[in-house]
Amino acid sequence: MLKTIAIILTGAILFAGCAFVDQRVDLTYERTVNAKGGTGEVYIAKPKDNTGLSKKPSGEIIIGTVKNTYGMKTADVITSNDIGDWIVKALIQELSFAGYTVMPVIELPDDVPKGIDLTLLRVFVDQDVGFWTVGAISDIQFTVEIWKNGVKVKIINVMAKGDERSVMGSAETKGISLKKALQSAMQQAIPEIIKTLEY
């Protein structure tokens, strides 16, 4: 019985590791920061994308790698979601809960009373093939420029990771890892944003 289970598990890992099919992830977010103290309106500009991520001919963004059991890339992790929108929606959820009325705009107004300008630097999920499980390690990096009364008052550098493991190393596992990384990024950014805007 144990021998059969071991064979099945090994086969599953090998099957997952040798797949040559792209894995499609849906970028999701669940609020995780319980910050309060926000007042009034805060404007969020459309993020500048400096990630350098490429696209498939179909238009889907290549956001990570699928690897075999030897650690060699066999396929891509792709998404049809807009990465900037994903991060902005996370900010809207967290800042709205904190008490702000959030106003997404293309560019910040010149005399913006409270504003946030993002630059995306890295969003990627890599497959980490272990002995019993396959890991998905995500890396998210971006800068947050905080503006008050038309003046840039602070820049926050956010670097966060997410880690999720499963037997099969599925697209779902990679999506969860990316969500965890973004939650960690929000835990860093939101308290600093509120503190800078309000004090």
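For the structure itself, consult the block above.
This section reports on the structure supplied with the text. (Residues numbered from 1 in each chain as written. Predicted model: local features only at pLDDT ≥ 70, side-chain atom pairs only at ≥ 80, totals over all residues. Heavy atoms only, no water.)

### Overview of the nonpolar core
Here is step 1 of the chain: Residues Trp 86, Ile 87, Leu 95, Phe 142, Met 186 and Ile 193 are the most contacted members of the largest nonpolar core, which totals 46 residues.
Here is step 2 of the chain: Only strand 2 (41–45), strand 4 (61–67), strand 5 (73–79), helix 2 (83–98), strand 7 (114–129), strand 8 (134–148), strand 9 (151–166) and helix 3 (171–198) provide two or more residues apiece to this core.
Here is step 3 of the chain: For this core, the element with the most residues is helix 3, which contributes 11 residues.
Here is step 4 of the chain: Other than its neighbours up to four places away in sequence, Ile 87 contacts Leu 118, Leu 120, Val 123, Phe 142, Leu 182 and Met 186. (Core = buried A, V, L, I, M, F, W, Y, C linked by side-chain atoms within 4.5 Å. Buried < 20%, exposed > 50% of the residue type's maximum accessible area, 1.4 Å probe, protein only. Helix = DSSP H or I, 4+ residues; strand = E, 2+ residues; numbered from the N terminus. Contact = heavy atoms within 4.5 Å.)

### Observations regarding the layout of surface pockets
Here is step 1 of the chain: The space that makes up the largest pocket amounts to roughly 160 Å³.
Here is step 2 of the chain: Lys 46, Pro 47, Asp 49, Leu 53, Lys 55, Ile 61, Asp 82, Ile 83, Gly 84 and Leu 120 are the residues that line the largest pocket. (1 Å grid on protein atoms, 1.4 Å probe; cavity = no way out; pocket = protein on both sides within 12 Å on 5 of 7 lines; lining within 4 Å. Points joined across faces, edges and corners; volume = space filled by probe spheres on them.)

### Comments concerning the pairing of strand 5
Here is step 1 of the chain: By the criterion of burial, strand 5 is predominantly enclosed, with 6 of the 7 residues buried.
Here is step 2 of the chain: With 2 bridges connecting them, strand 1 (residues 23–24) and strand 5 associate as parallel partners. Residue Arg 24 lies in a different strand from strand 5, and its bridge partner there is Ile 78.
Here is step 3 of the chain: Judged from the 6 bridges that link them, strand 4 and strand 5 form a sheet pairing that is antiparallel. Paired with Thr 65 across the bridge in strand 5 is Asp 76.
Here is step 4 of the chain: Connecting strand 4 to the antiparallel partner strand 5 that follows it, the hairpin turn spans 5 residues, and Gly 71 within it adopts a positive phi of roughly 85°. (Pairing = 2+ DSSP bridges.)

### Here's the deal with helix 3
Here is step 1 of the chain: Compared with an ideal rise of 1.5 Å per residue, which puts 28 residues at 40 Å, helix 3 spans 40 Å between its outermost C-alpha atoms and is within 8% of the ideal.
Here is step 2 of the chain: At Ala 189, helix 3 shows its maximal kink, close to 25°; a proline, Pro 191, follows between one and four residues later. (Expected span 1.5 Å × (residues − 1). Bend = angle between axes of the 7 residues up to and from the residue.)

### With respect to the environment of Lys 195
Here is step 1 of the chain: Here Lys 195 shows up in helix 3.
Here is step 2 of the chain: Along the chain, Lys 195 and Gly 37 lie 158 residues apart, while their C-alpha atoms are 8.6 Å from each other.

### Observations regarding helix 2
Because an α-helix completes one turn every 3.6 residues, residues spaced three or four positions apart along the sequence face the same direction.
Here is step 1 of the chain: With 16 residues, helix 2 extends 23 Å between its outermost C-alpha atoms, agreeing within 8% with the 22 Å of an ideal straight helix rising 1.5 Å per residue.
Here is step 2 of the chain: Those residues of helix 2 that fall on the buried side of the exposure criterion are Ile 83, Gly 84, Trp 86, Ile 87, Val 88, Ala 90, Leu 91, Glu 94, Leu 95 and Ala 98.
Here is step 3 of the chain: Where the residues of helix 2 are buried, they touch strand 2, strand 4, strand 6 (101–105), strand 7, strand 8 and helix 3.
Here is step 4 of the chain: Among the residues of helix 2, the N-terminal cap falls to Asp 82, whose side-chain oxygen and the backbone nitrogen of Gly 84 are separated by 3.0 Å.
Here is step 5 of the chain: Looking one or two residues beyond helix 2, the residue adopting positive phi is Gly 99, at roughly 120°. (Polar contact = N/O pair within 3.5 Å; in protein donor to acceptor, adjacent residues only side chain to side chain.)

### Quick word on the packing of helix 2 against helix 3
Think of two packed helices as two axes; the pair is described by the angle between the axes and how far apart they sit.
Here is step 1 of the chain: Contact geometry of helix 2 with helix 3 gives a least axis separation of 10 Å together with a crossing angle of 50°. Classed by the angle they form, the pair helix 2 and helix 3 counts as oblique. Like other packed secondary-structure pairs, helix 2 and helix 3 cross with a definite hand, here right-handed. Of the residues in helix 3, those in contact with Trp 86, Ile 87, Ala 90, Leu 91, Glu 94, Leu 95 and Ala 98 of helix 2 are Leu 178, Lys 179, Leu 182, Met 186, Ile 190, Ile 193 and Ile 194.
Here is step 2 of the chain: Here the contact of helix 2 with helix 3 is built from residues that sort into 12 nonpolar, no polar and 2 charged. (Axes fitted to C-alpha atoms, helices over the stretch in contact; angles between N-to-C directions. Parallel < 35°, antiparallel > 145°, perpendicular 65-115°, else oblique. Left-handed = near helix turned anticlockwise from the far one by under 90°. Nonpolar A, V, L, I, M, F, W, Y, C, P; charged D, E, K, R; others polar.)

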